[in-house]
Amino acid sequence: MPVTTETNLKNHSVIIDDIAYREQPQGDEMARITKRLKQKLITQMPAKRVIELSGNGHTVIPTRLTVDENNRFIFESGSMFAIDVDDDHEQTNPQDVATRFNAVGLVYTFSHGIKGNRYRLFFQLERPEPSEAYFNAMLGVIRKELRAEGVPVDKTAINVPVRGGSNYWIHNEHATLNNDQLIQTAKQRSEEQQKQRSTLEPNQLSSQIPFEELRRMCEAIGHIPSGSGEGDKWSAVVYGIKSYEQEGYITPVEAEELHDIISGGETPYAALKTATKATIGSVIHYARESGYSPKILYFHNTTQPEKTYTESRINVDRDTQKLQPENAIDLLQKKNRILVDSPTGSGKTTSFIEAMKAKESENTSRHEGKFKQFYIFAVPTNALVDQVAYHHDVLKIQGQKDERLFRKFIEADRNHKRIIVATYDKIEWLASVIERNSAFNQFSIVVDEYHKLVFDLNYRNRAIKSMLEATRRARTFIALSGTTNDIDKNEFDEVVKVTGCNGSPNRDLVIYEYEKNKQSLAELATIVKNRSEHNRLLIFLQNMEQGELLKRLLKQEGVKSDIVNRHHKGKPIYQGISNEEQIPDEIDVLISTSVIADGVNLQNTNSHWEVITVCSNYSDFYNASMIKQISNRLRNLYDRFSLFIQKDEREPKQYNLEGAYHSALQRAKDLVDEFREDPFFNIALHRNSVIERYYGLYTKEDTLHYDPLTIRHFAVKSKDNFYKKYRNGFIKEVEEVFERNISGTFNVSELLRQDTDIATELAQLEQQVEDEAEDEKRLEELKSLSIDELFTKDVYSAFLNDDRKQVDEFKSVASQHHFAYVNATYDILPYQSIKRTISSITRKAEAKRLRKQVKALITLWHWKHYHRFNKTKEVFKELLAFSGVPLTNDDWDDVFQRIGDKYNFKKNEVKTVFKEFGMTNQKRSKKERFKVLLGGLTFERVAEENNLSHDELKQVIRTYATFYADRYEQLAIDKELQKMELEKNVEV
């Protein structure tokens, strides 16, 4: 129980809204209340009066706040706070709780009696507290004590603003809490939490463990001989194995094999009695004690999350094998969030656009003049906007300035054209325009190629997040995808599976294996040349430079080819593909990046086609859903779909995406709770860094949240990276997605060696590839030597003014690494500094170094000046324990794994923290290379590595802070720079 005292009546600094509500204010009304409160003066009144006003429907702020230049509340002091209790099951008596914990009183919220016991406890302190951290810590102590007594308090205790309620009750207007005792309790708990965090045992695996991992655990423990004095350990381990077999996770044969490793054949497994108390946790414990660490992380996780959605099916017409408009109309009439899992080529777009037209006609005739229903069809690319608008005669919204688009919208509305196809980035704007145009307007949103939200989140984050906000306001939201494996289906109320359609329209599914990366492009060119004698080819290769090189190699071999990538959107071939859905007849081989991999249709007039997708170290196509999309770009039957991929000798291992995702999702929930439970957590001082970004943490309305889509994105990315190594597992997943087996696997390296003529030709091509690479290298060197002449003030101004024409001209004549450097620094470095330092940039990897290091340095300074709980900071502190120790890469991998296990993070997440904030040095012996962590990144190191003077770097940091740092980061920067000036003056 909190230490309390009784004093004379005291006044508190509060802000009171003038309007009393008789029901809970929502949405925009709450925003208006907050706006009024920011304009109100602080007043003084006793706690009893505050509770009376709150209980009569007035919104109150029970702390002393001011408003800063950004119109945000700033805490000055507080002597009173409120905590919400959401007792849905009526397990508590509100007045008893207020009495037991010596609250001044309570207010019954508008939900009280409707959703159980809903009330708000008001407490007063014996004196105002000027420190926001201490104030929140005291509030946290009371909240924890309430929860310890079984009172279901809301995790986000209320400070500002506190909504009014329907009634109130006063317990004791003199009751106060002792500040000093509460702060002391908060400090003790904080120290205990820090101790717990530093001694955390790695979390035991809660899901099924693969047998190979159990065997590795037992091998780490080793033989425990009889008479060794370790009988208790032996019993715990072997009966742990026995219990795992009894639970059905492993077979008796597997259990016996594990038992023999531990017992060394001294006792038979059959002699063991039934296991009682022992569990597999004993095996995990002793394995870790013996130095075991799992080599595999999430791909073995067999957890199957609970489904929170309903499932239904639509069987398409057998003759057409297409989704019909009437099917789509049924779905558009539902007020749900629906995912439609319908194969590519099943007529999704046509059926939904036709259904929208039918509904538009019906709505116009019945509700014209009062009610308007708009239908928005969202697609990921401009090419798809053009294609849908061209074929279905609907309004298109893309690019252009908002004023011009608004005029187009108004004109279309007047003409009763209320079906709109738009790119993802325009959906929120479009929804807002519809809502502002009339209070009676409604809209439904259909998002095509919904899997793209997961794939593309890293580079179109803002567009995707804003579109999702708009879908939450839509009357109906429907997501369409032909490949739903990477989508979290629990986002939706209903998942509709469309059945009865054919799969990918190819006769043959084959694998072309190559052996060595160095020879792969020449071998690909040879295969393409030979296959083009029988079929026309569509090649997907996710590398523009390698695509251009392949085109040149084919041209010299007499093969007519062309290339399409994002830089060719103005070319006739791209326009023909987008609008006419045709590849020109004169082209035998079309090479493309993923620019036409989603949604773009190609109407092949015969079956003599082959689609080859290159999966290599230079072509990053390791996502089975993406492969399925690629296979469906040709809409009519064609001969062969093939993967060109490096040979993998390993056993196929597959990645369990759902297990990985839901493990990370749970970890994100735990992280948010850990932050909220910290007594000194302050949302204003919270900063996301590496770990927090991986788990999708973000702040909204002064509360910490996690974003499932971000977590899903990183889980899919981890899966794709996993399959770069375990390529046989990737091929197996491709088979599952296609619902077909591979019909043939060809080792092209071996086949090409066996044919003497082709082998000679291949050798020439390999030499040509090497020569091309040398020529490209020399060209880059020549461009580098000319950078002083190429980079002028006019070019610098073009970057500042976003003059794309001149920027593109500079890109065509400058080396890749020099262009990347200017592009990454023009907004933070002045012209003269770039001019002086640009010649020192010799690799593309160095181009963004300055920007990354400045960001990391500011984060380190923020950590230094604001001592707040931060997971990335904790991980980095663990890494600093290894400072000064020369370690090999393998040793560092072990360190990353151990720290990851301790905090339940992935090894790569810890490694990223190391790379972002660590300052390292290289050492080597005759046999090995070592990396030494010198400490955290320093100002001096950043200046030295980037060839900048200290004054130049200070100016860079100030400029960066102006655009990208918030108020508290700027304060930390000011303190550090002032400290440097003081030290400099002392030296002088």
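Per chain, the residues get numbers from 1 upward, laid out in the order the sequence is written. In keeping with the predicted nature of the model, local features appear solely for residues at pLDDT of at least 70, side-chain atom pairs appear and are counted solely at 80 or more, and the whole-chain, interface and lining totals rest on all residues. As a rule here, side-chain values come from all non-hydrogen atoms in the structure, and water together with hydrogens is ignored.

**Things to note about the overall build of the protein chain**
Then step 1. The helix and strand tally for the protein chain stands at 38 helices and 29 strands.
Then step 2. Here the protein chain has a C-alpha radius of gyration of 33 Å; the compact-globule value for 988 residues is 30 Å, and the two agree.
Then step 3. Projected onto the principal axes, the alpha-carbon positions of the protein chain cover approximately 100 × 90 × 75 Å.
Then step 4. Across the 988 residues that make up the protein chain, the buried fraction comes to 53%.
Then step 5. Contacts in the protein chain between residues far apart in sequence, at least 24 positions, make up 78% of those at least 6 positions apart.
Then step 6. Computed with a 1.4 Å probe, the accessible areas rest on the Shrake-Rupley method; for each residue, only the protein chains presented here act as cover. Accessible surface computed for the protein chain: about 46200 Å², of which carbon and sulfur atoms make up 46%. Each helix corresponds to a stretch of at least 4 residues labelled H or I by DSSP, and each strand to a stretch of at least 2 residues labelled E; elements are numbered beginning at the N terminus. Values of the radius of gyration come from C-alpha atoms, whereas the globule rule sets the reference at 2.2 Å times the count of residues to the power 0.38. Note on classification: 1.4 Å probe, protein chains only; a residue is buried when its accessible area is under 20% of the maximum for its type, exposed when over 50%, partly exposed between these limits. What makes two residues a contact is simply this: any of their non-hydrogen atoms within 4.5 Å.

**Description of a negative patch on the surface**
Then step 1. Residues Asp890, Asp891, Asp894 and Glu928 make up a contiguous surface patch of negative charge.
Then step 2. Position of Asp891 relative to the elements: it lies in helix H34 (residues 889–903).
Then step 3. For Asp891, a relative accessible area of 31% corresponds to the partly exposed category. Patch definition: residues with relative accessible area over 30% and no salt bridge; like charges joined within 9 Å; nonpolar side chains (Val, Leu, Ile, Met, Phe, Trp, Tyr) joined within 5 Å. Any Lys or Arg side-chain nitrogen located within 4 Å of an Asp or Glu carboxyl oxygen qualifies as a salt bridge. The charge count treats Lys and Arg as positive and Asp and Glu as negative. His and the chain ends do not count. A single reference atom marks each charge: NZ on Lys, CZ on Arg, CG on Asp, CD on Glu.

**A word on the packing of helix H17 (residues 517–531) against helix H18 (residues 544–556)**
Then step 1. Axis lines are fitted to C-alpha atoms, over the contacting stretch for helices. Their N-to-C directions set the angle, which ranges from 0 to 180 degrees. The N-to-C vectors of H17 and H18 enclose an angle of 50°; their axes lie 10 Å apart at closest approach. Taken together, the axes of H17 and H18 are oblique relative to one another. Remark: the crossing between H17 and H18 carries right-handed chirality. Residue-level contacts link Leu521, Leu524, Ala525, Val528 and Lys529 of H17 to Gln546, Leu549, Leu550, Leu553 and Leu554 of H18. Between 65 and 115 degrees an angle is taken as roughly perpendicular, under 35 as roughly parallel, over 145 as roughly antiparallel, and anywhere else as oblique. Handedness of a crossing is defined here by the sense of rotation of the near helix relative to the far one, left-handed for an anticlockwise turn of less than a right angle and right-handed for a clockwise turn.

**Let's talk about the packing of aromatic side chains**
Then step 1. Stacked, edge-to-face and tilted are the three classes for Phe, Tyr and Trp ring pairs, Trp counted by its six-membered ring, which pair at centre distances within 6.5 Å; planes under 30 degrees apart are stacked, over 60 edge-to-face, the rest tilted. A full pass over the atoms with the stated rule returns 36 aromatic pairs.
Then step 2. Put simply, the rings of Phe791, Tyr796, Phe799, Phe810, Phe819, Tyr826 and Tyr831 pair up and form one aromatic cluster.
Then step 3. Lying across the ring of Phe374, Arg418 places its NZ or CZ 5.8 Å from the centre.
Then step 4. In this analysis the charged atom, NZ for Lys or CZ for Arg, is taken to sit over a ring once it is within 6 Å of the ring centre and within 35 degrees of the ring normal. The residue whose ring lies beneath Arg712 is Tyr661, and the NZ or CZ to ring-centre distance is 4.6 Å.

**Focus: helix H20 (residues 624–631)**
Then step 1. The element H20 is largely enclosed, with a buried count of eight among its eight residues.
Then step 2. Those residues of H20 that fall on the buried side of the exposure criterion are Ala624, Ser625, Met626, Ile627, Lys628, Gln629, Ile630 and Ser631.
Then step 3. The secondary structure elements touched by the buried residues of H20 are helix H15 (452–455), strand S19 (506–514), strand S20 (536–540), strand S23 (609–615), strand S24 (638–646) and helix H24 (727–738).

**Looking at the packing of H20 against H24**
Then step 1. Where H20 meets H24, the closest approach of the two axes is 9 Å, and the angle between their N-to-C directions is 55°. Relative to H24, the element H20 lies oblique. Crossing hand, H20 versus H24: right-handed. Together, Ala624, Ile627, Lys628 and Ser631 of H20 and Phe730, Glu733, Val734, Val737 and Phe738 of H24 make up the contact between the two elements.

**Quick notes on the nonpolar core**
Then step 1. Residues Phe730, Leu879 and Leu953 are the most contacted members of the largest nonpolar core, which totals 161 residues.
Then step 2. Per-element accounting of this core gives the leading share, nine residues, to helix H21 (residues 657–677).
Then step 3. Contacts of Phe730, omitting those with residues within four sequence positions, involve Cys615, Phe621, Tyr622, Asn623, Ala624, Ile627, Leu643, Ile645 and Tyr723.
Then step 4. Put simply, buried Ala, Val, Leu, Ile, Met, Phe, Trp, Tyr and Cys residues joined by side-chain atoms within 4.5 Å make one nonpolar core. Counting residues in hydrophobic clusters, the runner-up holds 36 residues, among them Met30, Ile33, Leu139 and Val141.

**Thoughts on the pairing of strand S17 (residues 477–481)**
Then step 1. In terms of residue burial, S17 counts as a mostly covered element, since five of its five residues are buried.
Then step 2. A two-sided burial pattern is seen for S17, the buried positions comprising Phe477, Ala479 and Ser481 on one face and Ile478 and Leu480 on the other.
Then step 3. Strand pairing is assigned whenever DSSP identifies at least 2 bridges connecting the two strands. Where strand S12 (residues 337–341) lies against S17, five bridges are found, and the strand directions are parallel. Across the sheet, Leu339 pairs through a bridge with Ala479, a residue of S17.
Then step 4. Alignment of strand S16 (residues 441–447) against S17, held across three bridges, turns out to be parallel. Bridge pairing in S17 places Val447 opposite Ala479.

**Some points on the pattern of salt bridges**
Once their charged atoms are close, side chains differing in charge can pair, the charge on each being opposite to the other.
Then step 1. The tally for this structure, following the rule as stated, stands at 59 salt bridges.
Then step 2. Here Lys242 and Glu245 are joined by a salt bridge, their closest N and O atoms 3.8 Å apart. Of this pair, Lys242 and Glu245 are both found in helix H7 (residues 231–246), three residues apart, which corresponds to roughly one turn of the helix. Residue Lys242 shares its accessibility class with Glu245, and that shared class is buried.
Then step 3. Salt bridges linked by common partners bring Arg667, Glu674, Lys871 and Glu874 together as one network.

**So, H17**
Every α-helical turn comprises 3.6 residues, leaving residues that sit three or four positions apart pointing alike.
Then step 1. Residue count minus one, scaled by 1.5 Å, sets the expected span of a helix. The terminal C-alpha atoms of H17 lie 21 Å apart, and with 15 residues this matches the ideal 21 Å at 1.5 Å per residue to within 8%.
Then step 2. Within the sequence span of H17, burial applies to Ser520, Leu521, Ala522, Glu523, Leu524, Ala525, Thr526, Ile527, Val528 and Lys529.

**A look at the sheet that holds strand S2 (residues 11–20)**
Then step 1. The strand order across the open sheet formed by three strands is S3-S2-S4, and the pairing between neighbours is antiparallel. On the outer flanks of this sheet lie strand S3 (43–46) and strand S4 (58–61), each paired with one strand and no other. Here the average twist between neighbouring strands, direction ignored, is 55°.
Then step 2. The pairing of S2 with S3 spans four bridges and is classified as antiparallel. If you follow Asn11 over to S3, its bridge partner there is Pro46.

**Brief notes about the sheet that holds strand S21 (residues 561–564)**
Then step 1. Spatial ordering of the open sheet is given by S21-S22-S20-S23-S24-S19-S27, a layout of seven strands whose pairing is parallel. Edge positions in the sheet fall to S21 and strand S27 (744–747), since each has one partner strand and no second. The mean inter-strand angle of the sheet, taken between neighbouring strand axes irrespective of direction, is 20°.
Then step 2. Two elements, S20 and S23, share five bridges in a ladder whose sense is parallel. Looking at S23, one finds that Leu538 is bridged to Val611.

**Here's the deal with a positive patch on the surface**
Then step 1. On the surface, Arg566, Lys811, Lys844, Lys848, Lys852, Lys911 and Lys915 cluster together into a patch of positive charge.
Then step 2. Tracing the backbone through its elements, the reader meets Lys852 in helix H32 (residues 849–865).
Then step 3. Relative accessible area serves as the criterion here: at 59%, Lys852 is assigned to the exposed category.

**Examining the pairing of S12**
Then step 1. Within S12, five of the five residues are buried, leaving the element largely enclosed by the surrounding structure.
Then step 2. Of the two faces of S12, the one lined by Arg337, Leu339 and Asp341 and the one lined by Ile338 and Val340 are each fully buried.
Then step 3. By the bridge criterion, four bridges tie S12 to strand S18 (residues 494–499) in an arrangement that is parallel. Within the sheet, the bridge partner assigned to Val340 lies in S18 and is Val496.

**Focus on the confidence of the model for the protein chain**
Then step 1. Residues with a pLDDT of 70 or more make up 93% of the protein chain, whose mean pLDDT is 86.
Then step 2. A residue's pLDDT is the predictor's confidence in that residue, given on a scale from 0 to 100. A low-confidence stretch, residues 3–7 (pLDDT under 50), is modelled with 16 contacts involving residues beyond four sequence positions or located in other chains.
Then step 3. A low-confidence stretch, residues 197–206 stays under pLDDT 50, and its non-local contacts, those more than four residues away or across chains, total 21 contacts.

**A word on the side chain of Arg633**
Then step 1. Within the element layout of this structure, Arg633 appears in the loop between H20 and S24.
Then step 2. Nearest to the buried, unbridged Arg633 among oppositely charged side chains is Glu449, at 5.3 Å.
Then step 3. By the criterion applied in these results, polar contacts are pairs of N or O atoms within 3.5 Å in which, for protein atoms, one can donate a hydrogen and the other can accept it, and in which residues neighboring in sequence qualify only through two side-chain atoms. At 2.5 Å, the side chain of Arg633 forms a polar contact with the backbone oxygen of Gln629.

**Here we look at the environment of Tyr574**
Then step 1. Its place among the elements puts Tyr574 in helix H19 (residues 572–580).
Then step 2. Since its relative accessible area comes to 6%, Tyr574 is described here as buried.
Then step 3. For the pair Tyr574 and Ala383, spaced 191 residues apart in sequence, the C-alpha to C-alpha distance is 8.9 Å.

**Some points on unusual backbone geometry**
Then step 1. If you check the backbone angles, Asp393 has positive phi at about 55° while not being a glycine.
Then step 2. Along the chain, Asp393 turns up in the loop between helix H12 (382–392) and strand S14 (395–397).

**A look at the side chain of Lys783**
Then step 1. Residue placement: Lys783 occurs in helix H26 (residues 756–785).
Then step 2. Buried within the structure, Lys783 lacks any salt-bridge partner; Glu780 is the closest side chain of opposite charge, at an N-O distance of 4.2 Å.
Then step 3. With residues near it in sequence (within four places) discarded, Lys783 still touches Leu790, Ser812, Val813, Ala814 and Ser815.

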